[in-house]
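Observations on the three-dimensional arrangement
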Amino acid sequence: MKQLLFAVTLTAIVIFSACSEKTIPSKTVMENPLPAPPPVVKSTFQGTLLPMIQAKCSPCHTPSKNGNKANFENFDNVVRNTNPILIRIQKNPGDRGFMPQRNSKLTNDELAVFMKWVNDGSLEK
Ligand code: HEC
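Residues numbered from 1 in each chain as written. Predicted model: local features only at pLDDT ≥ 70, side-chain atom pairs only at ≥ 80, totals over all residues. Heavy atoms only, no water.

**Points about the nonpolar core**
In terms of nonpolar packing, the biggest core is built from 16 residues, with F45, L49, I53, V78, I89 and F114 touching the most fellow members. Of all the secondary-structure elements, those providing two or more residues to this core are helix 3 (45-56), helix 4 (75-80), helix 5 (82-89) and helix 6 (108-119). Ranked by residue count, the leading element in this core is helix 3, at five residues. Those residues in contact with V78 that sit more than four places away from it in its chain are F45, L49, I53, F72, I85 and W117. (Core = buried A, V, L, I, M, F, W, Y, C linked by side-chain atoms within 4.5 Å. Buried < 20%, exposed > 50% of the residue type's maximum accessible area, 1.4 Å probe, protein only. Helix = DSSP H or I, 4+ residues; strand = E, 2+ residues; numbered from the N terminus. Contact = heavy atoms within 4.5 Å.)

See the structure below:
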């Protein structure tokens, strides 16, 4: 009887440890975690778009440089004008309504700054 009890216990231990080994992640996985994803940096009006506007839409749209066209240093105004802005900066010099007027077309990187700001949700800051 004692031997049977011993045999049953031993079997239980063997089965148990066999099962639990499968559920515990292997050591290699735990020692080599995936690299952390890069932090998601969202574009904001204050942080990224306004400097671009002040560089590329100045002086005409920047009252701080005495511009008297639509005020694009003003966040709400830029949000309201998002569509016309995106349409005009994608036109080519010579097209009717092309912006920045009397300047060369924005580079793809500069255009991307406008697009990313919109895609990130048109945040103010
Ligand atoms: C040299 C001056 C000048 C520069 C630089 C300039 N604009 Fe303009 N912009 C104008 C003038 C003048 C108008 C009004 C005439 C018109 O609508 O085409 C105007 C109008 C606009 C309008 C229409 C606004 C409205 O009230 O309907 C948008 C949108 C615009 N510009 C976007 C831009 C953007 C974006 C930039 C910079 C990437 C830029 N502009 C740079 C002179 C300029």
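**Section: the packing of helix 5 against helix 6**
When two helices pack together, their arrangement is captured by the angle between the axes and the distance separating the axes. Orientation of helix 5 relative to helix 6, taken along the N-to-C sense of each, is 155 degrees, at an axis distance of 11 Å. Relative to helix 6, the element helix 5 is oriented roughly antiparallel. For helix 5 against helix 6, the interelement crossing comes out left-handed. Side by side, helix 5 and helix 6 meet where T82, I85, L86 and I89 of the first sit next to L111, F114, M115, W117 and V118 of the second. A breakdown of the residues in the contact of helix 5 with helix 6 according to their chemical character gives eight nonpolar, one polar and no charged. (Axes fitted to C-alpha atoms, helices over the stretch in contact; angles between N-to-C directions. Parallel < 35°, antiparallel > 145°, perpendicular 65-115°, else oblique. Left-handed = near helix turned anticlockwise from the far one by under 90°. Nonpolar A, V, L, I, M, F, W, Y, C, P; charged D, E, K, R; others polar.)

**Focus: empty space enclosed by the protein**
Gaps between atoms show up when a probe of the same size as a water molecule is rolled over them. For the structure shown, the criterion picks out one cavity of 30 Å³ or more. Roughly 40 Å³ of internal volume is contained in the largest cavity. Surrounding the largest cavity, L49, I53, V78, T82, I85, L86, F114, W117 and V118 form its lining. Where the lining of the largest cavity is concerned, the elements lending two or more residues are helix 3, helix 5 and helix 6. (1 Å grid on protein atoms, 1.4 Å probe; cavity = no way out; pocket = protein on both sides within 12 Å on 5 of 7 lines; lining within 4 Å. Points joined across faces, edges and corners; volume = space filled by probe spheres on them.)

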